[in-house]
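Spelled out, the chains give:
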Amino acid sequence: MIVAISGINDTDNPGPGIGVARSLKEADASIKTVGLSYDVQDPGNYMDFVIDKSYILTYPSQGWEPIFDRLLYIKESYGLDAVIPTLDAELPLYIKYQEELNRAGIKTFLPNLEQFELRSKENLDKVSEKLEILYPKTKKVFNIDQLKEAVNEIGFPCVVKGNYYKAYKVKSLPEAVYYFTEISNEWGFPILVQEVAKGEELNVVGAGDGKGGSLGLVAVKKMTTTHLGKIWNGVTIKHDKLLKVAEDFVKRYKWKGPFELECIVDEENIVLIEINPRFPAWVYFATGVGVNLPKRVLDVMFGKNVGTTSSYKSGKMMVRYTYELITDINNLSELATKGESNG
Amino acid sequence: MRIENLAINKNGFAFDPTTGETFTLNDTAREIIEDLAKGIDEKEIAKKLSKEYEVTEEEAFNDVLDFKEKLKLYGLLS
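Residues numbered from 1 in each chain as written. Chains lettered and ligands numbered in written order. Predicted model: local features only at pLDDT ≥ 70, side-chain atom pairs only at ≥ 80, totals over all residues. Heavy atoms only, no water.

### Re the overall build of chain B
And step 1. Within chain B, the secondary structure is distributed over three helices and three strands.
And step 2. Along the chain direction, N to C, the helices and strands of chain B fall in the order β-β-β-α-α-α.
And step 3. For chain B, the C-alpha radius of gyration of 12 Å lies close to 12 Å, the compact-globule estimate for 78 residues.
And step 4. Projected onto its principal axes, the C-alpha coordinates of chain B cover approximately 35 × 25 × 20 Å.
And step 5. Residues classed as buried in chain B amount to 41% of the 78 residues present. (Helix = DSSP H or I, 4+ residues; strand = E, 2+ residues; numbered from the N terminus. Rg over C-alpha atoms; globule rule 2.2 N^0.38 Å. Buried < 20%, exposed > 50% of the residue type's maximum accessible area, 1.4 Å probe, protein only.)

### Things to note about the domain arrangement of chain A
And step 1. If you check the domain split of chain A, you get domain 1 (2-109 + 324-338), domain 2 (116-123 + 198-319) and domain 3 (137-195).
And step 2. Taking only C-alpha atoms, the centre of domain 1 of chain A and the centre of domain 3 of chain A are 34 Å apart. (Domains from an automatic or database assignment.)

### Looking at the pairing of strand β10 (residues 214-225) of chain A
Residue and element names in this part refer to chain A.
And step 1. Summarising burial for β10: nine of the twelve residues are buried, a large majority.
And step 2. Across six bridges, the pairing between strand β9 (residues 200-209) and β10 is antiparallel. Along β10, the bridge assignment pairs V204 with A219.
And step 3. Between the end of β9 and the start of β10, which pair antiparallel, lie four residues, with G210 showing a positive phi angle near 85°.
And step 4. Direction of pairing for β10 relative to strand β11 (residues 231-237): antiparallel, over a ladder of six bridges. Counted as the bridge partner of T224 is N233 from β11.
And step 5. Between β10 and β11, which pair antiparallel one after the other, the connecting turn spans five residues, and G229 there sits at a positive phi close to 85°. (Pairing = 2+ DSSP bridges.)

### Considering the nonpolar core
Residue and element names in this part refer to chain A.
And step 1. Among the nonpolar cores identified, the biggest contains 62 residues, and F249 and L261 are the most heavily contacted of them.
And step 2. If you tally residues by element for this core, the top one is helix α9 (residues 240-253), at seven residues.
And step 3. When residues are assigned to domains, this core turns out to be shared by domain 1 (2-109 + 324-338) and domain 2 (116-123 + 198-319), each giving three or more.
And step 4. Other than its neighbours up to four places away in sequence, L261 contacts L202, N203, V204, V245, A246, F249, L272, E274 and I275.
And step 5. W64, V83, L91 and L101 belong to the second largest nonpolar core, which has 22 residues in total. (Core = buried A, V, L, I, M, F, W, Y, C linked by side-chain atoms within 4.5 Å. Contact = heavy atoms within 4.5 Å.)

### Description of the sheet that holds strand β3 (residues 53-56) of chain A
Residue and element names in this part refer to chain A.
And step 1. Within the open sheet, the four strands sit side by side as β3-β2-β1-β4. Their pairing is parallel. Strands with a single pairing partner mark the edges of an open sheet, and in this sheet they are β3 and β4 (82-84). On average, adjacent strands in this sheet sit at an angle of 25° to one another, irrespective of strand direction.
And step 2. Together, β1 (2-6), β2 (32-37) and β4 form the strand contacts of helix α1 (residues 17-27), whose direction differs from that of β1 by roughly 160°.
And step 3. Contacts from helix α2 (residues 64-77) reach β2 and β3, with the element oriented near 150° to β3. (Axes fitted to C-alpha atoms, helices over the stretch in contact; angles between N-to-C directions.)

Spelled out as structure tokens, the structure:
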């Protein structure tokens, strides 16, 4: 079995790819992992104990054809049975062309476009209502005047965020304008101004079977985060109401594939912040406590029966750390000149 | 009452398995929480504490009430 995985940028803003690959390898050492990388310096390209072979791809902004051609090339030259995309920017393409991949003999397990749209920040208020949870007051803004109006109405502190990426807590108008400019320059419009929800940040990783059933759920609390809000240390929790919300989400929308729910919880009040239609970068945490979602998703792709239990213990901690890997410049040169590692 | 679910170790480190919050408790706080979780009322707890710490029952009772307010503030007691 050969599985391609993207998001192997295991940096201080890590992609989920290494966690996915590690989960698959630990479940079945015979699985070969192919890293799909957008940068020759992605650490995953050099982590040959997790990624067997890497290929450089063109950015998703170049459209589907180059990506599809590359995957066909990988299938022909190395072999490829399935692909697990993990980055937000590439997901719309993989979702749109999942049938084409299937016909080419490359399996995926992804939501459809309609399901994918649910996680758009414009739809989160409706989703929250259906799930009987809260959504913070949010204003969509396109220019500085609208930004001023929105922050006046919502008050400080508030959150200035992009529609898909980046979110910053701001305490003053100059700060709001600074991040409005930074995010819009990088990711475009709209920019969202959102009230700050009070409580603990609790997240759930899970996967749906596409028929309303869950393939497993694990809830965690972020204990420490990076300056971008990415989890560094975390602890597993058993928040029954939050896990029920995740289960309801899978059931109501017949969610297919992996997902992450980001919530703020204050006592019994659950506020939905984001739905990510992919594995989070901390997916290995779930694997480590006994719920190997990447392997379950892979098995479901191939019609195998999988365990769907979410039995894990609360109070298990994930501790991230940094590590240095020493390699030869020739490995970089192979990637830079041939677009693929030796493997 | 979330205090019933708190996992407290012998060093007074408390972990709330529902929310992932952690607390460090001194001996008295630990004793009061454990007693409240068992359903023992404030007067009984105060009586015990007054013997252990050589304070009047009234003082101990007020301290227990104060501490209960703190627990409410942290959302551990309703």
